[in-house]
Amino acid sequence: MAQEANFKRQPASKAKNKNRNAYFEWHQKVGRFEFRQRFGRDYNQEMEDDKLLMTELWQAVKEQWDKGVKLRKGKLKGPLVDFASVLLQFIAVYPYTVAVSRSGELLVYPAEVSITHYTLRNGTSARFSKLVNFLPKEFYGRGLPEWDQEEVVKNAQKLDVSLKQPQGASPAEAWRSLMQHCNSRAITLCDANQIAVVDSALYFLASTAGPEQMEVYKELMGTIITVQDLVKALFHRRDRGASEVFERVDKEFKKLRETALCCSYHGKKPPQAPSRQLCPVAKAETLMLVQLYGSFFKDFLNI
């Protein structure tokens with residue numbers, strides 16, 4: 001069992017009122033923080049001017065947020081073709097280590113993180129990825145401990161990155177860069193098989209960027225849904241197809257395949273290099289292959 005790392009996860013908060021509407025959820029998780037960032041002060045619900053400003057912020061994201069809440073609750077209604085143009089953003093990571101602390105917390109140090117923007121109708125519109133330099137003191141509070149050496153070295157070799165030579169950014173820089181590429185109006189997705197790893201990896205990155213970034217992390221993870229849940233929501237009213245598409249997505253995510261598209265770093269590796277298949281950008285391309293280019297998926301969505 002892994003020993004304690006340098007930082008600790010906060011206890012998971014209890015589930016809140018499941019019947020709250022989309023505005024209330026947005027206001028609690030994002031609105032107040034965005035108001036403070038935009039106007040340089042805390043929101044005061046007693047002030048009419050503040051209410052008007054908050055309403056303007058909400059109207060800008062209302063449509064996307066409504067759909068995100070309905071997706072997570074499995075209550076998406078209306079023509080599926082309308083959803084085909086909704087902006088989605090897919091987050092993927094590849095770790096140096098996935099450890100379990102003595103207290104049972106999952107601790108993840110990401111080696112690379114990526115985010116891909118796309119719509120079901122038009123495919124990918126933007127990609128971003130960042131290699132994360134391995135700085136053991138920020139994770140363990142000291143050098144790389146003996147109990148985790150084998151895991152870290154193995155994963156670094158698989159991804160074809162150096163543990164000693166800086167090739168990317170510090171954890172804090174990687175977090176800030178990722179947040180610059182996050183779109184608050186998009187529905188955020190990840191692979192169901194990786195959601196715990198994504199959660200813990202983003203927690204670590206945010207924790208290195210300052211206490212105020214933990215609120216940003218909470219807001220992001222509070223709205224994330226899995227691709228598999230997205231498929232279930234899109235097809236829940238169909239007589240057929242849901243299980244077929246769900247199983248296809250799940251299986252494809254678990255495969256390793258040769259890929260033509262990677263991040264700029266792995267794109268320079270030989271076509272047959274195994275590290276190309278592990279690149280988080282390549283994982284997003286698997287999603288594109290299954291969701292966007294599979295004729296069965298487009299047929300079901302009528303796009």
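Looking at an unreviewed UniProt entry, the protein chain carries the name Maelstrom domain-containing protein, with the source organism given as Heligmosomoides polygyrus. Of the protein chain, the UniProt comment under Sequence similarities (unreviewed entry) reads exactly: "Belongs to the maelstrom family."

*Asks:* Honestly, the sheet that holds strand 4 (residues 187-190) in this entry has me stumped. Any pointers?
*Replies:* With respect to topology, five strands assemble into an open sheet ordered 3-2-1-4-5, the strand pairing being mixed. If you trace the sheet from one side to the other, it starts and ends with strand 3 (123-131) and strand 5 (225-226), each paired once. Inspection of the sheet shows strand 1 (residues 88-100) paired to strand 4 by three bridges, in the parallel sense. When the sheet's bridge partners are listed, Leu88 is paired in strand 4 with Ile187. The sheet contacts of helix 5 (residues 146-159) involve strand 1 and strand 2 (106-119), and relative to strand 1 the element is tilted by about 140 degrees.

*Asks:* Which parts of the structure should I look at to understand the packing of helix 7 (residues 195-207) against helix 8 (residues 213-223)?
*Replies:* Two quantities define a packed helix pair, namely the angle between the helix axes and the distance between the axes. Viewed as axis vectors pointing N to C, helix 7 and helix 8 meet at an angle of 160 degrees, and their least axial separation amounts to 8 Å. Considering their axes alone, helix 7 and helix 8 lie roughly antiparallel with respect to each other. When you trace helix 7 past helix 8, the crossing you get is right-handed. Within the contact between the two elements, helix 7 uses Asp199, Leu202, Tyr203, Ala206 and Ser207 and helix 8 uses Gln213, Met214, Tyr217, Leu220 and Met221. When grouped by side-chain class, the residues that make up the contact of helix 7 with helix 8 number seven nonpolar, two polar and one charged.

*Asks:* Is there a simple way to think about the environment of Gly143 in this case?
*Replies:* Relative to the elements of secondary structure, Gly143 occurs in the loop between helix 4 (136-140) and helix 5. Its relative accessible area of 37% is what places Gly143 among the partly exposed residues. Contacts of Gly143, omitting those with residues within four sequence positions, involve Pro136 and Lys137.

*Asks:* Looking at this structure, I do not really get the nonpolar core. What am I missing?
*Replies:* Generally speaking, a soluble globular protein has its nonpolar side chains buried in company with each other. Counting residues in each nonpolar core, the largest one holds 48 residues, and the members touching the most others are Tyr96, Trp175, Leu202 and Tyr217. For this core, the leading source of residues is helix 7, giving eight residues. With residues near it in sequence (within four places) discarded, Trp175 still touches Leu202, Leu205, Ala206, Ala209, Gln213, Val216 and Tyr217. Core analysis: the next-biggest nonpolar cluster, separate from the first, contains 14 residues, Leu88, Leu120, Val227 and Leu230 among them.

*Asks:* Can you help me understand the pairing of strand 4 in this one?
*Replies:* Where a strand is regular, its side chains alternate between the two sheet faces. Burial of strand 4 is two-sided: the residues Ile187 and Leu189 facing one way and the residues Thr188 and Cys190 facing the other way are all buried. Relative to strand 5, strand 4 runs parallel, the two being bridged by two bridges. Considered in strand 5, the bridge of Leu189 is made with Ile225.

*Asks:* I would appreciate a short explanation of the packing of helix 6 (residues 171-181) against helix 7 in the present structure.
*Replies:* Taken N-terminus to C-terminus, the directions of helix 6 and helix 7 make an angle of 110 degrees; their axes are 7 Å apart at the nearest point. Between helix 6 and helix 7, the crossing angle belongs to the class labelled roughly perpendicular. Contacts between helix 6 and helix 7 involve Pro171, Ala172, Trp175 and Leu178 on the former and, on the latter, Leu202, Phe204, Leu205 and Ala206. Taken together, the residues of the contact of helix 6 with helix 7 sort by class into eight nonpolar, no polar and no charged.

The rules we used
Here, residues in each chain are numbered from 1, in the same order as that chain's written sequence. Local features in a predicted model are, by the rule used here, given only for residues with pLDDT of at least 70; side-chain atom pairs are given and counted only at 80 or more, and totals for whole chains, interfaces and linings are based on all residues. Side-chain figures throughout are based on the complete set of non-hydrogen atoms in the structure, without hydrogens or water. UniProt positions are given in the numbering used here, feature names are shortened, and annotations may be inferred rather than shown by experiment. When DSSP finds two or more bridges between a pair of strands, those strands are recorded as paired. Helix numbering and strand numbering both begin at the N terminus, where a helix is a DSSP run of H or I of at least 4 residues and a strand a DSSP run of E of at least 2. Whether two residues are in contact is decided by their heavy atoms, any of which lying within 4.5 Å being enough. Every angle, taken between N-to-C directions, lies between 0 and 180 degrees, and every axis is a line fitted to C-alpha atoms, over only the stretch in contact when it is a helix. Small angles under 35 degrees read as roughly parallel and large ones over 145 as roughly antiparallel, with 65 to 115 read as roughly perpendicular and the rest as oblique. Crossing handedness follows the turn of the near helix against the far one: under a right angle anticlockwise gives a left-handed crossing, and clockwise gives a right-handed one. When residues are grouped by polarity, Ala, Val, Leu, Ile, Met, Phe, Trp, Tyr, Cys and Pro land in nonpolar, Asp, Glu, Lys and Arg in charged, and all others, Gly among them, in polar. Burial classes: relative accessible area under 20% of the type maximum marks a residue as buried, over 50% as exposed, and values in between as partly exposed (1.4 Å probe, protein chains only). Only buried Ala, Val, Leu, Ile, Met, Phe, Trp, Tyr and Cys residues count toward a nonpolar core, and they belong to the same one when joined by side-chain atoms within 4.5 Å.

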